[in-house]
Amino acid sequence: MEEKINQISIVYKQKIDQAKNLSDLDLIYIDLFGKNGEMTLLPRQFSKLIKEELKIISPLFNKIKNYLSEQIELKRAQIKEDSYSKLSTETLSINEKINFTLPKAKLHPLTVFERQTADIFKKIGFSQFEAPYIDTDYYNFEALNIPEEHPARDLWDTLYIDSEKYGIQPGKLLLRTHTSNSQLRILKRYNPPIRIMNIGTSFRYENLDARHEHTFDQFELVFVDKNLSLADLQYLSEYYLKEAFGQQMKARLRPKYYPFVEPGAGIDALCIFCKGQGCKICGNTGWIELAGAGMIHPKVLENAGINPKEYSGIAWGIGPERMLMLKYGINDLRLFRNGDLDFLEKLEIEEKR
Ligand code: PHE
């Protein structure tokens, strides 16, 4: 009997060592300790033993029983451990093959350009101001000398908000068509001299094509002081163009109608492609229209309680998308907002800050 127990110990220790997986171990366990297992059946023969023999066999049996079940547990733990570490090295090699790291986040080219533009004007004392994107027709039109039914409203294809359900008369609430909706707010909020800029999104009811978008950005300046004149407007425009596009740039003012400025001006820049020689992009004129501007209309100053006899003002607005299109030769305005990452990656403009 003693020999048999030792034999079981040796044979099963070997089987345990050779087990490759948990189910091998389960089978070994059943063979030993299951209903008909070797270690289960063995004690049934103990009754045949004499007392002296039993004194030796019984502790030996218990020792081997404990030993084998301990060995099974140890092996079980080892198999689990091995499979875990194998799993993690396998995952590691998948990780090495596929690059899971995200590309470095970048700012949208428009954001970079607008921040640079803001920096250019910050240097000469302009501070930033925000105006609402959803606004009343008062700030977007009336305060700017564009009364209801005035034909000039047709210059802005306006998206009106279905405001009746908010208890607001139809036609009174709209998506701002330009950042000029900030003008009256700025003029009312600050006492002259005023140097404020407003960058933000504007909206128009447009037929979309390469040059028209329903959503686009504008950059606006409001500058009020004593004795400002068109000469200051010319200087401001040229200052901006030189800072943004280089010292060879020049600005030219042309008469242009906007109801909230008098006189109103369209600002042309010397064509950055042909430097004034005349080319396809500037239609052989040597100049490209860049901004709308003018001397703030006396009525607008009055609406804000500023005496137009004492102060004069300059309003000036550019379209950042249009500037970028010119600077980088982009031929479709819609590219800025259609989520085309390929385009945005290529148009990586240098972040200076
Ligand atoms: N708000 C005008 C537009 O969107 C541009 C402009 C700004 C004109 C400031 C004059 C002065 O067309």
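Residues numbered from 1 in each chain as written. Predicted model: local features only at pLDDT ≥ 70, side-chain atom pairs only at ≥ 80, totals over all residues. Heavy atoms only, no water.

Undergrad: Is there a simple way to think about the pattern of salt bridges in this case?
TA: It is possible for side chains of opposite charge to pair when their charged atoms get near one another. With the rule as written, the count across this model stands at 19 salt bridges. Between Arg 76 and Asp 26 there is a salt bridge, with its nearest N and O atoms 3.1 Å apart. In this pair, Arg 76 sits in helix H4 (residues 51-97) while Asp 26 sits in helix H2 (residues 22-33), placing the two residues 50 residues apart along the sequence. Close ionic contact of Lys 172 with Glu 148 constitutes a salt bridge, the shortest N to O distance being 3.2 Å. Note that Lys 172 is positioned in the loop between helix H6 (137-140) and strand E3 (173-175) and Glu 148 in the loop between H6 and E3, a separation of 24 residues in sequence. By sharing partners, the salt bridges in this structure join Arg 252, Arg 254, Lys 256, Asp 268 and Glu 289 into a single network. (Salt bridge = Lys/Arg side-chain N within 4 Å of Asp/Glu carboxyl O. Helix = DSSP H or I, 4+ residues; strand = E, 2+ residues; numbered from the N terminus.)

Undergrad: Can you walk me through helix H8 (residues 230-245) in this structure?
TA: Along an α-helix, residues three or four positions apart point the same way, because every turn accommodates 3.6 residues. Over its 16 residues, H8 runs 22 Å from end to end, which matches the ideal 22 Å to within 8%, given 1.5 Å per residue. All of the buried residues along H8 are Leu 233, Leu 236, Ser 237, Tyr 239, Tyr 240, Leu 241, Ala 244 and Phe 245. Directly after H8, the chain includes Gly 246, whose backbone phi takes a positive value near 120 degrees. (Expected span 1.5 Å × (residues − 1). Buried < 20%, exposed > 50% of the residue type's maximum accessible area, 1.4 Å probe, protein only.)

Undergrad: Is there a simple way to explain the packing of helix H5 (residues 109-122) against H8 in this structure?
TA: For any two helices packed against each other, one specifies the inter-axial angle together with the distance between the axes. The geometry of H5 relative to H8 is characterised by a closest axis approach of 10 Å and an angle of 130 degrees between their N-to-C directions. Between H5 and H8, the angle falls in the class oblique. Like other packed secondary-structure pairs, H5 and H8 cross with a definite hand, here right-handed. Each of Phe 113, Thr 117, Ile 120 and Phe 121 in H5 lies in contact with H8, whose residues at this interface are Leu 236, Tyr 239, Tyr 240, Glu 243 and Ala 244. Considering only residue class, the contact of H5 with H8 consists of seven nonpolar, one polar and one charged. (Axes fitted to C-alpha atoms, helices over the stretch in contact; angles between N-to-C directions. Parallel < 35°, antiparallel > 145°, perpendicular 65-115°, else oblique. Left-handed = near helix turned anticlockwise from the far one by under 90°. Contact = heavy atoms within 4.5 Å. Nonpolar A, V, L, I, M, F, W, Y, C, P; charged D, E, K, R; others polar.)

Undergrad: Would you explain the site of the ligand in this entry?
TA: What surrounds the ligand is a group of 14 residues, the closest being His 178, Ser 180, Arg 204, Gln 218 and Ala 293. In this structure, His 178 approaches the ligand through a side-chain N or O atom, which is 3.0 Å from a nitrogen atom. One of the side-chain nitrogen or oxygen atoms of Gln 218 is found 2.9 Å away from an oxygen atom of the ligand. Isolated, the ligand exposes 320 Å² of accessible area, and the fraction of that covered by the protein chains is 92%. Residue assignment for the shell around the ligand shows that the elements contributing at least two residues are strand E5 (215-225), strand E8 (287-296) and strand E9 (312-318). Here the element with the most residues in the shell around the ligand is E9; it accounts for three residues. (Near = heavy atom within 4 Å. Polar contact = N/O pair within 3.5 Å; in protein donor to acceptor, adjacent residues only side chain to side chain. Areas by Shrake-Rupley, 256 points an atom, 1.4 Å probe, with all protein chains shown as cover.)

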